[in-house]
Amino acid sequence: MQDIIEGKAWVFGDSVDTDNMYPGFAMKLSPEEAAKHVFYDLRPGWTDQVQPGDIVVAGRNFGIGSSRPVARLFQHLGVAALVAEEFNSLFLRNCVNFGLPVATIPGVTRLVGDEDEVRLNVHDAIIELPRTGGALAGAPLPEYVYDILAQGGLFAKLAADGYIPAGVRA
Amino acid sequence: MGMTMIEKILARSSGQDRVKVGDVVVCDVDMTVLIDLQFATTWMTPTRIADPERLAVVMDHAVPAPSVKDADGGVKARAFVEQFGVRRFFDVGRHGICHEVIAQNGLALPGQILTCTDSHTCAAGAYNTAARGLGPVEVYSVMCTGKTWFQIAPTYRYELTGEKPDVVSGKDIFLHIAGTWGDATNHNLEFGGDGLRSVPMNDRRTIATQGAEVSADFTTFPADELCTEFVKQHTDTEFEAADPDPDAIYADVRHIDLSSLEPYVARPGKVSDNAVPVSQIESRTVNQCFIGSCANGQIEDLQIAAEALRDRHVAPGVRLIVTPASQDVYREAAHRGYLATLADAGAIVTNSTCGACFGYHMGLVGAGEVCLTASTRNFTGRMGSPDAEIYMASPVTVAASAVAGRIVDPREVLV
């Protein structure tokens, strides 16, 4: 995993729930197809705008809701990391377990605007805005959790430990 | 300094004398539950698993299979339990929503740890179990290794006093909490107090289930006499309950006088800071009413619905869908005559499944419609069109509203 990520930010509000990102109807589709419906109601057309390497920024209580694997859809879109003022714990675990970098940084939605270029240090949970010179530090992940992320998620760890047959991926 | 209920369980399961807020602990998981969706989406056959006796597989979200993808998931699930000797397999016909199956089969024990893919796994907190949803990859990992990690979160303690009025249910208590205190993100909820004596196990499970809706980590109740009696009805396995220490440290202690509560309704979108007493809710005509899900498809919920609808009829223009939480609940409701009463009143009784609650394969709502639901979630688009409005209330409020054709105080209709 890359620890320093530079990319364009897309900023969302508070309490963005899982059904906003992975609606029930999309659960019938392949992950590639389902990924086209992320934020389908909140920001229609966004999946045509987002580019590989971009970073999604959200407010408080990001990802409240179900266990459906939203992280995998972001990965299909090429989203490089998620940053939020506060994460729902199930959503955060899902991201870490799929190997999608996350950082909790209170105040981030006041620092960063839509389509700002930002620089994120995942390990230290620091976001910088080169345009203004502004920066904010959040709460780093516990080392134990960061290590799961750094290994590329739990499937990678399980494969390394021999729980999954070599060469098989979901 | 003492520990809360959840700190006690996580300390014990991680082999430590004590834990404190912020600690990351690696715990032995006592029971893990896989659901049908897992097999239909992210499944790979593992090379080995930790222990087939600490694993259950439950078909619940999309049953009977509404698509070839889901049917293929069923094929994989059946092959997996056969290959690895998983005895606790609840296939279609002896299935149910996993949280009901967990409760009815003694898979959640006081003082133990239960993990499952589904976000409403916190339901088993009603039985003094440290239970939570983990998502498909992590539950797969627990299946393989028997372990996972938790970070100790601060706890809000709810101290209940007074006696719950009959018309008030667990749903109303929960909506009162969500409407009054809002989100509990990265916090645990712990319930206690003398008032619990008037809160039966089904209502406790509704409350624990919905802990996920205020974004809480774990929601737990004490293993009091009611709880212990319930668990012993469903299993002979020994357990060691976890009581909080008198000097446990809480982020906040919140008091609720149950005798002062009335029925509550949540407005569309979310429950936190968005639920009010029914006397304050706007009068809305309803198109669809739903009673079901892990939160409100229990036998007591069907009993309440049947009693409310006996000799009454669902209003013209309203669809009332009732979904038993498990095949066992379905059979019991059939034997007691509830299903006939509901059908006679114009309700549709479906097979047991998560169904209409998650807007996947049945009972969806269209643009411009208003739904009043006794289920788990009222998110925009949760039950179908994002242009539908989903209000949430208790089974009796939903049943009464289905009769009235608009959101009403059940005390006005059921006199």
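Residues numbered from 1 in each chain as written. Chains lettered and ligands numbered in written order. Predicted model: local features only at pLDDT ≥ 70, side-chain atom pairs only at ≥ 80, totals over all residues. Heavy atoms only, no water.

A. The environment of Leu158 of chain A, seen in detail. Structurally, the position occupied by Leu158 of chain A is in helix H8 (residues 154-160). Those residues in contact with Leu158 of chain A, other than ones at most four positions away along the chain, are Tyr163 and Ile164 of chain A together with Tyr140, Ser141, Cys144 and Thr145 of chain B. (Helix = DSSP H or I, 4+ residues; strand = E, 2+ residues; numbered from the N terminus. Contact = heavy atoms within 4.5 Å.)

B. Looking closely at the environment of Arg310 of chain B. Residues and elements named next belong to chain B. Looking at where Arg310 falls in the secondary structure, it is placed in the loop between helix H10 (299-309) and strand E15 (319-322). Of the residues examined, Arg310 reaches a relative accessible area of 39% and is grouped as partly exposed. Considering only alpha carbons, one finds Arg310 and Ala340, 30 residues apart in sequence, at a separation of 9.8 Å. (Buried < 20%, exposed > 50% of the residue type's maximum accessible area, 1.4 Å probe, protein only.)

C. View of the interface of chain A and chain B. Listed per partner, the contact involves 43 residues of chain A and 47 residues of chain B. The junction of chain A with chain B conceals about 3800 Å² of combined surface from both sides, 58% of it contributed by carbon and sulfur atoms. For the interface between chain A and chain B, the tally reads two salt bridges. Arg93 of chain A is the salt-bridge partner of Glu138 of chain B, the closest N and O atoms lying 2.7 Å from each other. Where chain A meets chain B, there are 19 residue pairs in polar contact (both at pLDDT 80 or more). (Buried area = accessible area lost by both parts, 1.4 Å probe. Salt bridge = Lys/Arg side-chain N within 4 Å of Asp/Glu carboxyl O. Polar contact = N/O pair within 3.5 Å; in protein donor to acceptor, adjacent residues only side chain to side chain.)

D. Region of interest: the environment of Ala367 of chain B. Residue and element names in this part refer to chain B. Tracing the sequence through the fold places Ala367 in the loop between strand E16 (348-349) and strand E17 (370-374). Residue classification places Ala367 among the exposed positions, given a relative accessible area of 57%. Measuring from C-alpha to C-alpha, the distance between Ala367 and Pro386 comes to 7.1 Å, with 19 residues separating the pair along the chain. When sequence neighbours within four positions are dropped, the list of residues in contact with Ala367 reads Ser385, Asp387 and Ala388.

E. Looking closely at the state of the cysteines. Residues and elements named next belong to chain B. Counted according to the given criterion, the structure contains zero disulfides over all chains. With no disulfide of its own, Cys27 lies closest to Cys122 among cysteine sulfurs, the gap being 17 Å. Just so you know, Cys354 is unpaired, no disulfide at all, and the nearest cysteine sulfur is the one on Cys98, 6.5 Å from it. Cys354 sits in the buried class, given a relative accessible area of 8%. (Disulfide = S-S within 2.5 Å.)

F. Layout of the sheet that holds strand E4 (residues 88-90) of chain B. Residues and elements named next belong to chain B. On the basis of which strands lie adjacent, the open sheet formed by five strands has the order E4-E3-E2-E5-E6 and parallel pairing. At either end of the open sheet lies a strand with only one pairing partner, and these are E4 and strand E6 (130-133). Between one strand axis and the next, the sheet turns by 15° as a mean value, whatever way the strands run. Relative to E6, strand E5 (residues 113-116) runs parallel, the two being bridged by four bridges. Pairing of Cys116 across the sheet is with Gly133, part of E6. (Pairing = 2+ DSSP bridges. Axes fitted to C-alpha atoms, helices over the stretch in contact; angles between N-to-C directions.)

G. View of the nonpolar core. Counting residues in each nonpolar core, the largest one holds 157 residues, and the members touching the most others are Trp46, Phe62, Phe74 and Leu82 of chain A together with Leu10, Phe80 and Tyr127 of chain B. Ranked by residues supplied to this core, first place goes to helix H5 (residues 136-145) of chain B with six residues. Residues contacting Leu82 of chain A, with those up to four places away along its chain left out, are Val56, Phe62, Phe74, Phe87, Phe91, Cys95, Leu100, Pro101, Val102 and Ala103 of chain A. Ala308, Leu309, Leu339 and Ala374 of chain B belong to the second-largest nonpolar core, a separate cluster that totals 35 residues. (Core = buried A, V, L, I, M, F, W, Y, C linked by side-chain atoms within 4.5 Å.)

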